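# Breakdown of the fold
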Amino acid sequence: MTMSSATPPIPTDRRRAAVFLRRAQIIALLLAVPVALRTTSPTAAAPASGWRADPAWHAGKAEWALYDAVRPIYGVERRYEASIFTNAQHMDPRTTTKAVDVSSPSALAVFKHNVSELIPTENYTYRFLTTSFVRRDTFQPYKLVMSSQEDCGSTYKQFVQHDGRIRAEQFCYFPSSGHASDEYHVPRAVAFHDALTFTLRDYPFDDPDPPTLTIDLLPDQTDTHGTPLHPANATVKFVGKETITVPYGEVVTYHLRVDHDCDGDVNQSDFWFSADPDMRRVLVKYEGTYNVRYELKQLAWWAYWDRSKPRPEPDQASAAAPASEE
């Protein structure tokens, strides 16, 4: 008998089984990837697209968003300006600080998201600085640092994700708080509340049926008191596309709502992100934990570490800026 060299047809049952297996593999992969990444790509190695791939991130400046802000302190609403600086840089995983050699194979490419607040009260000023670092390859939270200074004392908190674990440290000046620390496995869909003003930009707003996402949310750490070290269950849902007016002007936005455990006497936080591609989905408005509110008033690119402050004018990235990091 002469054997044919042609590949015999695969039986229908085997084709169906192969398709089913492939779908199961994809679902398993999606479930293994953090929620922030699952909203954009099924693989950790997938290249950034859209707002994350904007060349302005590599033009030597930081995105500077200035907000009219409100934060209650001592039961009184304090009005001030909050600055949020976001820029691309590299981190040294050994020190978990900025890398000296950005070309090193071990250097981690991250987005640095820096929230700076100076809040006057009757007797002295509260100073909050909360910095989130988010990996550019997987969009996972890498590190969170919060510090506060006011004339009664200082507080410092740090969370670092490394080798599948989160190391948490907290130093609060209040006698009932003091020092607290822990280390635990990274939850499957971990997210940091203090980074949501940045990471929720990656929500799949363009999906025909935007999903409700379940996440493991580390509570807001921007408080002088001791705060929880462990994440808790929360959900992210799309409220709708809305045109709102803020000091910056009239902006078309995507509205997201995060329902979470009671945090700063609040059970939900609302975020409005720009729908204008030229604004890279920047946060336009926020109402959330501790009854804090932000409304965008200025957006520009600014090398805030060594250059003069930009004038209030439309957001533009300077193509002539040197390709350096803060």
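Residues numbered from 1 in each chain as written. Predicted model: local features only at pLDDT ≥ 70, side-chain atom pairs only at ≥ 80, totals over all residues. Heavy atoms only, no water.

Moving on: the overall build of the protein. The helix and strand inventory of the protein stands at three helices and 16 strands. Expressed as a percentage of the 326 residues in the protein, the buried residues total 48%. Contacts in the protein between residues far apart in sequence, at least 24 positions, make up 51% of those at least 6 positions apart. (Helix = DSSP H or I, 4+ residues; strand = E, 2+ residues; numbered from the N terminus. Buried < 20%, exposed > 50% of the residue type's maximum accessible area, 1.4 Å probe, protein only. Contact = heavy atoms within 4.5 Å.)

Bringing the pattern of salt bridges into the picture now. Across all of its chains, the model carries 15 salt bridges by this definition. Close ionic contact of R71 with E117 constitutes a salt bridge, the shortest N to O distance being 3.3 Å. You can see R71 sitting in strand 1 (residues 62-73) and its partner E117 sitting in strand 4 (residues 108-120), a full 46 residues away along the chain. As far as burial versus exposure is concerned, R71 and E117 are alike and both buried. Its salt-bridge partner being D206, residue R281 comes within 3.5 Å of it at the nearest N-O pair. With R281 in the loop between strand 14 (266-274) and strand 15 (283-287) and D206 in the loop between helix 3 (196-199) and strand 11 (213-218), this residue pair connects regions lying 75 residues apart in the sequence. Overall, the relative accessible area of 19% leaves R281 in the buried class. When its relative accessible area of 58% is taken as the criterion, D206 is described as exposed. (Salt bridge = Lys/Arg side-chain N within 4 Å of Asp/Glu carboxyl O.)

Within the secondary structure layout, D202 lies in the loop between helix 3 and strand 11. With relative accessibility at 4%, the residue D202 sits in the buried group. Distance from D202 to F139, taken between C-alpha atoms, is 8.9 Å for residues 63 residues apart in sequence. In terms of polar contacts, D202 uses its side chain to reach the side chain of W51, at 3.1 Å. (Polar contact = N/O pair within 3.5 Å; in protein donor to acceptor, adjacent residues only side chain to side chain.)

Locating T96 in the fold gives a position in the loop between strand 2 (76-92) and strand 3 (97-98). Judged by its relative accessible area of 9%, T96 is buried. If sequence neighbours within four positions are ignored, T96 has contacts with M91, Y142, K143, V160 and R167.

By the element assignment, T222 lies in the loop between strand 11 and strand 12 (232-246). Taking the relative accessible area as the measure of exposure, T222 reaches 4% and is therefore buried. Within the structure, the side chain of T222 is placed 2.8 Å from the side chain of D194, a separation counted as a polar contact. For T222, the residues in contact, after removing those within four places along its chain, are R71, E117, F128, T130, M146, D194 and Y290.

It is worth spelling out the packing of aromatic side chains at this point. Both the distance between ring centres and the angle between the ring planes are used here to describe each pair of aromatic rings. Counted according to the given criterion, the structure contains 28 aromatic pairs. An angle of 90° between the planes, with centres 5.4 Å apart, marks the rings of W51 and F198 as edge-to-face. You can see W51 sitting in the loop between helix 2 (35-38) and strand 1 and its partner F198 sitting in helix 3, a full 147 residues away along the chain. Take W51: its relative accessible area is 8%, and that puts it in the buried class. Each residue in the set Y67, Y203, F205, F238, Y254, F271, F273, Y286 and Y294 is aromatic and connected to the rest through ring pairs, giving one cluster. Here the basic side chain of R136 rests over the ring of F111, its NZ or CZ set 6.0 Å away from the ring centre. The lysine or arginine in question, R280, covers the ring of W57, its NZ or CZ lying 5.9 Å from the ring centre. (Phe/Tyr/Trp six-rings, centres within 6.5 Å; stacked < 30°, edge-to-face > 60°. Lys NZ or Arg CZ within 6 Å of the ring centre and 35° of its normal.)

Strand 14 sits mainly inside the fold: seven of its nine residues count as buried. As judged from the eight bridges shared by strand 13 (residues 249-263) and strand 14, these two strands associate in the antiparallel manner. Directly across from D263, in strand 14, lies its bridge partner V266. Linking strand 13 back to strand 14 in an antiparallel pair, the connection comprises two residues, with G264 at a positive phi of about 60°. In this sheet, strand 15 lies alongside strand 14 in antiparallel orientation, the contact comprising four bridges. Of the residues in strand 15, the one forming a bridge with F273 is L283. (Pairing = 2+ DSSP bridges.)

We now examine unusual backbone geometry. At T96, a residue that is not glycine, the phi angle is positive and equals roughly 55°. Even without being a glycine, R280 presents a positive backbone phi close to 55°. Take R280: it is sitting in the loop between strand 14 and strand 15. Among the residues examined, R280 registers a relative accessible area of 3% and is labelled buried.

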